[in-house]
Amino acid sequence: MENKVFFTPGPSELYPTVPRHMASAMENKIGSISHRSQQFKDIYAHAVSGLRQLLQLPDNYEVLFLSSANEIWERSIQNTVEQESFHLVNGSFSDRFYEIAQELGRKASKYEVPFGEGFHLESIAIPASAELIALTHNETSSGVSMPVTDVHAVRARTTSDALIFVDAVSSMPIPDIDYSLIDSAFFSVQKCFGLPAGLGVWLVNDRCMAKAEALQANGFSVGSYHSLTSLLSKAKAHQTPETPNVLNIYLLGQVVEEMNKKGIGLIRQETETKASLIYDYLERSTNFDIAVQEPAHRSTTTIVANTILPTSEINKHLSPYDMAIGSGYGNRKENQVRIANFPAHSVAQVQALVYKLEELVG
Ligand SMILES: *Cc1c(COP(=O)(O)O)cnc(C)c1O
């Protein structure tokens with residue numbers, strides 16, 4: 001049996017109670033029930049109400065289930081952008097959102113800073129013609145996170161009624177977002193929710209809905225089964241247009257219920273504690289060097305460091321101790337490491353990782 005603890009940035013370590021919930025899902029034959037049954041509607045409603053509580057989501061937001069964050073990028077553009085979107089880009093994920101807008105034939109523009117850097121809002125001019133402003137709260141490729149105060153400050157710097165979209169795929173539910181200052185946020189479950197991949201969660205407010213309806217009324221294509229209007233009409237009946245990932249929606253509801261019992265305050269506090277353990281170690285390490293120079297821009301959930309010893313070698317050393325860390329993104333595979341610090345990772349597991357790394361590579 002494989003006992004490895006995965007500190008990889010997604011897929012990652014599963015939330016500790018997932019095996020138990022998997023067993024109960026099998027006992028209740030969740031894989032066989034109809035997605036139009038009352039049993040499914042209850043599973044759906046349970047996951048949504050749990051998320052509303054965990055995230056303190058205002059009433060003018062809907063919670064929608066899609067297949068992945070990649071899909072949500074595409075649906076966001078299709079449903080809310082007639083002509084133009086604007087993207088803050090500082091790594092591979094934020095750049096991919098920008099590219100998707102282009103691939104869908106929109107006029108996309110970006111404000112880009114070098115890999116490993118964050119943004120200084122005062123130097124960014126947001127085009128007044130942009131209908132959607134894309135922010136990435138946690139750039140998983142580089143380990144740069146946008147301070148939540150900056151996410152909140154974008155609205156005041158926007159002269160138009162553009163919709164503000166926040167990719168919080170690898171940080172949700174850690175940032176304490178004021179949802180009245182944005183219009184949409186999204187995540188996929190294989191990062192901070194500690195679940196198997198295959199489910200994207202899209203939070204959208206009434207302004208996004210109104211935009212999609214207006215585009216559709218003007219004869220504009222907003223997609224088919226996963227248009228916002230189609231998703232919303234089914235969501236009202238606790239259903240999805242297609243046959244969804246019922247098992248994962250069930251597991252999400254269970255994990256979120258446990259997160260609510262633990263309390264989001266404690267989850268956030270532990271995230272800070274574990275991040276400090278990792279960053280303090282990286283700072284004194286002779287092998288590693290913290291990749292993000294500006295402390296205010298360092299992620300607490302995806303911690304990136306330059307490494308002298310290739311990442312694959314480090315993982316060979318860690319393997320007998322049943323631990324694995326993430327490699328660098330793309331061509332940084334061997335000269336950077338990415339260490340996930342998600343709610344599924346306990347303080348004790350992070351302490352054990354830091355202790356072993358210090359012993360093995362200095
Ligand atoms: C992982 C990730 C995505 C893509 O998620 P998928 O579920 O694979 O589509 C998008 N944005 C960020 C910031 C991510 O970390």
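Residues numbered from 1 in each chain as written. Predicted model: local features only at pLDDT ≥ 70, side-chain atom pairs only at ≥ 80, totals over all residues. Heavy atoms only, no water.

An unreviewed UniProt entry lists the protein chain under the name Aminotransferase class V-fold PLP-dependent enzyme, from Pontibacter ruber. A UniProt comment under Cofactor (unreviewed entry) is attached to the protein chain, and it reads "pyridoxal 5'-phosphate". In its Sequence similarities (unreviewed entry) section, the UniProt record describing the protein chain reads: "Belongs to the class-V pyridoxal-phosphate-dependent aminotransferase family." (UniProt positions renumbered as here; feature names shortened; annotations may be inferred.)

## Regarding the layout of surface pockets
Its volume calculated, the largest pocket comes out at about 220 Å³. Along the walls of the largest pocket sit 17 residues, with His-137, Ser-145, Val-148, Glu-272 and Thr-300 positioned nearest its centre. Both domains that meet at the lining of the largest pocket, namely domain 1 (5-13 + 263-361) and domain 2 (18-260), each give it at least three residues. For the second largest pocket, the calculated volume is near 180 Å³. Taken together, Lys-4, Phe-6, Ser-12, Glu-13, Leu-14, Tyr-15, Pro-16, Pro-19, Ala-344 and Gln-349 make up the lining of the second largest pocket. Of the residues assigned to the lining of the second largest pocket, the class counts are six nonpolar, two polar and two charged. (1 Å grid on protein atoms, 1.4 Å probe; cavity = no way out; pocket = protein on both sides within 12 Å on 5 of 7 lines; lining within 4 Å. Points joined across faces, edges and corners; volume = space filled by probe spheres on them. Domains from an automatic or database assignment. Nonpolar A, V, L, I, M, F, W, Y, C, P; charged D, E, K, R; others polar.)

## Description of the nonpolar core
In this structure, Phe-65, Tyr-179, Phe-193, Trp-202, Leu-203 and Leu-252 are the most contacted members of the largest nonpolar core, which totals 85 residues. The contact partners of Leu-252, leaving out residues within four places of it in the chain, are Leu-51, Phe-65, Val-189, Phe-193, Leu-195, Leu-199 and Val-201. By size, the runner-up hydrophobic cluster in this structure holds 22 residues, among which are Phe-7, Ile-290, Ala-305 and Ile-314. (Core = buried A, V, L, I, M, F, W, Y, C linked by side-chain atoms within 4.5 Å. Buried < 20%, exposed > 50% of the residue type's maximum accessible area, 1.4 Å probe, protein only. Contact = heavy atoms within 4.5 Å.)

## With respect to the sheet that holds strand S2 (residues 61-66)
The mixed open sheet is built from seven strands, whose spatial order is S2-S10-S9-S8-S5-S3-S4. Lying at the two open borders of the sheet, with one neighbouring strand each, are S2 and strand S4 (107-112). Ignoring strand direction, the axes of neighbouring strands in this sheet form an average angle of 20°. Note that strand S9 (residues 184-188) and strand S10 (residues 200-205) share five bridges and pair antiparallel. (Pairing = 2+ DSSP bridges. Helix = DSSP H or I, 4+ residues; strand = E, 2+ residues; numbered from the N terminus. Axes fitted to C-alpha atoms, helices over the stretch in contact; angles between N-to-C directions.)

## What about the sheet that holds strand S1 (residues 5-7)?
A sheet is described by the order of its strands in space; here five strands give the open sequence S1-S13-S14-S12-S11, paired in mixed fashion. The sheet is open, and its two borders are formed by S1 and strand S11 (288-290), each paired with just one other strand. Strand after strand, the sheet turns through a mean of 40° between neighbouring axes, direction not considered. Bridge count for S1 against strand S13 (residues 323-327) is three bridges, and the pairing is parallel. What sits directly across from Phe-6, in S13, is Ala-324.

## Digging into the packing of helix H3 (residues 69-80) against helix H4 (residues 92-103)
At a minimum axis separation of 9 Å, H3 and H4 run at an interaxial angle of 40°. Between H3 and H4, the crossing angle belongs to the class labelled oblique. Relative to H4, the crossing made by H3 is right-handed. For the pair H3 and H4, the contacting residues are Asn-70, Trp-73, Glu-74, Ser-76 and Ile-77 in the first and Phe-93, Arg-96, Phe-97, Ile-100 and Ala-101 in the second. Broken down by class, the residue content of the contact of H3 with H4 amounts to six nonpolar, two polar and two charged. (Parallel < 35°, antiparallel > 145°, perpendicular 65-115°, else oblique. Left-handed = near helix turned anticlockwise from the far one by under 90°.)

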